[in-house]
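# Fold and contact review
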Amino acid sequence: MGSDRVRAAVIQMVSSDIVPDNLRDAGAWVDAAAGDGAELVVLPENFAFLGRHERAALEVGEPDGAGPIQDFLATTAQRLGITLVGGSLPMQGDEPDRVRSACLVYGPDGRRIARYDKRHLFDVSLPGGEGYRESATFAPGDEIVVADTPAGRLGVSICYDLRFPEHYRALVDAGAEILLAPSAFTATTGAAHWAVLVRARAVENLCFMLAADQGGLHANDRRTHGESLIIDPWGERLAACPVGGGPGMAVADLDRSQQVALRQRLPALGHRRG
Ligand SMILES: O=C(O)CNC(=O)[C@H](CS)NC(=O)CCC(=O)C(=O)O
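This structure is a prediction, so every number in the text was calculated from the model and none was measured. Each chain has its residues counted from 1, following the order in which its sequence is written. Per-residue local features of the predicted model are confined to residues with pLDDT of at least 70, and side-chain atom pairs are confined, for both listing and counting, to 80 or more; whole-chain, interface and lining totals are unaffected and use all residues. Where side-chain values are given, they derive from all heavy atoms of the structure, hydrogens and water being excluded.

### So, the environment of Ile-231
- Under the DSSP-based scheme used, a helix requires at least four consecutive residues in state H or I and a strand at least two consecutive residues in state E, with every element numbered from the N terminus. By the element assignment, Ile-231 lies in strand S12 (residues 229-231).
- Remark: the alpha-carbon pair of Ile-231 and Arg-98, spanning 133 residues in sequence, is separated by 34 Å.
- The criterion used for residue contact is that any of the two residues' heavy atoms lie within 4.5 Å. Excluding anything up to four places from it in sequence, Ile-231 contacts Val-198, Arg-199, Ala-202, Cys-207, Phe-208, Met-209, Glu-236 and Arg-237.

Structure representation (structure tokens):
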């Protein structure tokens, strides 16, 4: 581990169902973030493909280790010499008619460090008739995943996982220092819950939180919340993108010695009673 400071970026997107367009946009933002000195960059959930209907993800699901979306992530990480988090993409699993929603972490040499498959699936009916059945297309993952990177030990989650604090407790028990929450939060639930959930996970786990969100009106007529956030272990907002404000990025320096000092002064993680 080099310095005590890690410069991190979260990218906000309004992804469509046209993979090459999304990869071009994602690439431009990751270039901009690296140009601003970011060594750790997080793309949102569904950054490469946000389908018009849920089943569409089956058509772009990639086998493990091969495909245009994975090629993009590997070559971009290597070209820029950064740790790159591909928020989520559809990946083939062990079922013929469901894929997984996977978050992939690549190191500065372009090699994949980790794969996390989303564990909690968004099967929810919202007030006003908006309904989601993610499990119709996606099979849940089973494993808690941390990734050792030059930026520190990352704990991986995706979107709806934010509502399950025990997921993050398991990540912290596995030594996570920086928590990732690439998301595509709905405009409705985001307005009510997004920032409070992201800050709560940061504060209760004394971790940095990198929450890259989709934010805008998509081709499927859904609105996502935006407000991509970088939060420190004290719950402070280090950087943010606007609510619903379209594509953008937020960049901040994470001070890891601040986290170590805070965990000593406020040793709540050692005061747990099971
Ligand atoms: O809307 C789309 O098409 C893309 N969204 C997604 O892919 C995923 C699964 S449906 N969204 C969430 O998990 C939202 C969670 C959430 O919003 C909450 O927990 O409140």
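### A closer look at the nonpolar core
- Counting 46 residues, the largest nonpolar core has Leu-40, Leu-162, Met-209 and Leu-210 as the members making the most contacts within it.
- Per element, the largest residue contribution to this core is 5 residues, and it comes from helix H5 (residues 187-205).
- Apart from the residues lying within four places of it in its own chain, the contact partners of Leu-40 are Val-6, Arg-7, Ala-8, Ala-9, Thr-83, Val-85, Ala-151, Leu-154, Ile-178 and Leu-210.
- Of all hydrophobic cores here, the second largest spans 33 residues; its members include Ala-33, Met-91, Val-99 and Leu-121. The criterion is simple. A nonpolar core is a set of buried Ala, Val, Leu, Ile, Met, Phe, Trp, Tyr and Cys residues joined through side-chain atoms within 4.5 Å. Each residue is placed in one exposure class: buried if its accessible area under a 1.4 Å probe, protein chains only, is under 20% of its type's maximum, exposed if it is over 50%, and partly exposed if it falls in between.

### Examining the side chain of Asn-22
- For Asn-22, the position within the fold is in helix H1 (residues 19-35).
- Leaving out residues up to four positions away in the same chain, Asn-22 has contacts with Met-13, Ser-15, Ser-16, Asp-17, Phe-47, Ala-48 and Phe-49.

### Regarding unusual backbone geometry
- Not every positive phi belongs to a glycine, and Asn-46 is a case in point at roughly 60 degrees.
- Here Leu-206, not a glycine, exhibits a phi torsion of approximately 50 degrees, which is positive.
- Looking at the secondary structure, you find Leu-206 in the loop between H5 and strand S11 (208-211).
- Residue Leu-206 is classed as buried on the basis of its relative accessible area of 2%.

### Focus: the pairing of S11
- Burial of the side chains of S11 extends over both faces: Phe-208 and Leu-210 are buried on one face and Met-209 and Ala-211 on the other.
- Any two strands are treated as partners once DSSP identifies two or more bridges connecting them. In terms of strand pairing, strand S10 (residues 178-180) meets S11 through 3 bridges, oriented parallel. Bridging from a neighbouring strand, Ile-178 pairs with Phe-208 of S11.
- Since S10 and S11 lie parallel, the crossover through H5 that links them has a hand, and here it is right-handed.
- The pairing of S11 with S12 spans 3 bridges and is classified as antiparallel. Paired with Met-209 across the strands is Ile-231, a residue of S12. Crossovers are marked right-handed if the path from the first strand over the helix to the second runs clockwise, as seen with the strands pointing away from the viewer.

### A closer look at empty space enclosed by the protein
- Buriedness of a pocket was judged along seven lines, with at least five required to meet protein on both sides within 12 Å; pockets are open sets of points on a 1 Å grid over the protein atoms alone, cavities are sets where a 1.4 Å probe fits but cannot get out, and lining residues have an atom within 4 Å of a point. Grid points are joined across faces, edges and corners, and a volume is the space filled by probe spheres set on the points. Under the definition given, this model contains 1 cavity of 30 Å³ or more.
- One number sums up the size of the largest cavity: a volume of about 440 Å³.
- Forming the walls of the largest cavity are 27 residues, and the residues nearest its centre are Asn-46, Glu-54, Tyr-132, Glu-134 and Arg-222.
- Each residue is assigned to one of three groups, with Ala, Val, Leu, Ile, Met, Phe, Trp, Tyr, Cys and Pro labelled nonpolar, Asp, Glu, Lys and Arg labelled charged, and all others, Gly among them, labelled polar. Its residues assigned to classes, the lining of the largest cavity shows 12 nonpolar, 9 polar and 6 charged.

### As for the packing of H1 against helix H3 (residues 68-80)
- Packing of H1 against H3 brings their axes to within 11 Å, and their N-to-C directions diverge by 15 degrees. The angle between H1 and H3 falls in the class roughly parallel. In this structure, H1 meets H3 at a crossing whose hand is right-handed. For the pair formed by H1 and H3, the contact residues are Val-19, Leu-23, Ala-26, Gly-27, Val-30, Asp-31 and Ala-34 on the first element and Pro-68, Ile-69, Phe-72, Thr-76, Arg-79 and Leu-80 on the second. For helices, the fitted line uses only the C-alpha atoms of the stretch in contact; every axis is such a line through C-alpha atoms, and the angle between N-to-C directions lies from 0 to 180 degrees. Geometric relationships in this document are graded by angle, where less than 35 degrees denotes roughly parallel, more than 145 denotes roughly antiparallel, 65 to 115 denotes roughly perpendicular, and other angles denote oblique. The crossing is said to be left-handed when, going from far helix to near helix, the turn is anticlockwise and less than a right angle, and right-handed when the turn is clockwise.

### A closer look at the pattern of salt bridges
- Put simply, a salt bridge is a Lys or Arg side-chain nitrogen that is within 4 Å of an Asp or Glu carboxyl oxygen. Counted according to the given criterion, the structure contains 22 salt bridges.
- Among the ionic pairs, Glu-45 bridges to Lys-118, the shortest N-O distance being 2.9 Å. Placement of the pair is Glu-45 in the loop between strand S2 (40-42) and helix H2 (57-60) and Lys-118 in the loop between strand S5 (112-117) and strand S6 (123-125), with a sequence separation of 73 residues.
- Here Glu-45 falls in the buried class, since its relative accessible area comes to 3%.
- Each of Asp-64, Asp-94, Arg-100, Arg-112, Arg-115 and Asp-117 takes part in salt bridges that share partners, so that together they form one network.

### Topic: the packing of helix H4 (residues 165-173) against H5
- Between H4 and H5, whose axes approach to 10 Å, the crossing angle comes to 40 degrees. Taken together, the axes of H4 and H5 lie oblique to each other. The two elements H4 and H5 cross, and the hand of that crossing is right-handed. Here Pro-165, Tyr-168, Arg-169 and Val-172 of H4 come into contact with H5, specifically with Arg-201, Glu-204 and Asn-205.
- Residue composition of the contact of H4 with H5, grouped by class: 3 nonpolar, 1 polar and 3 charged.

Interpretation note: all reported values are geometric properties and have no functional meaning in isolation.
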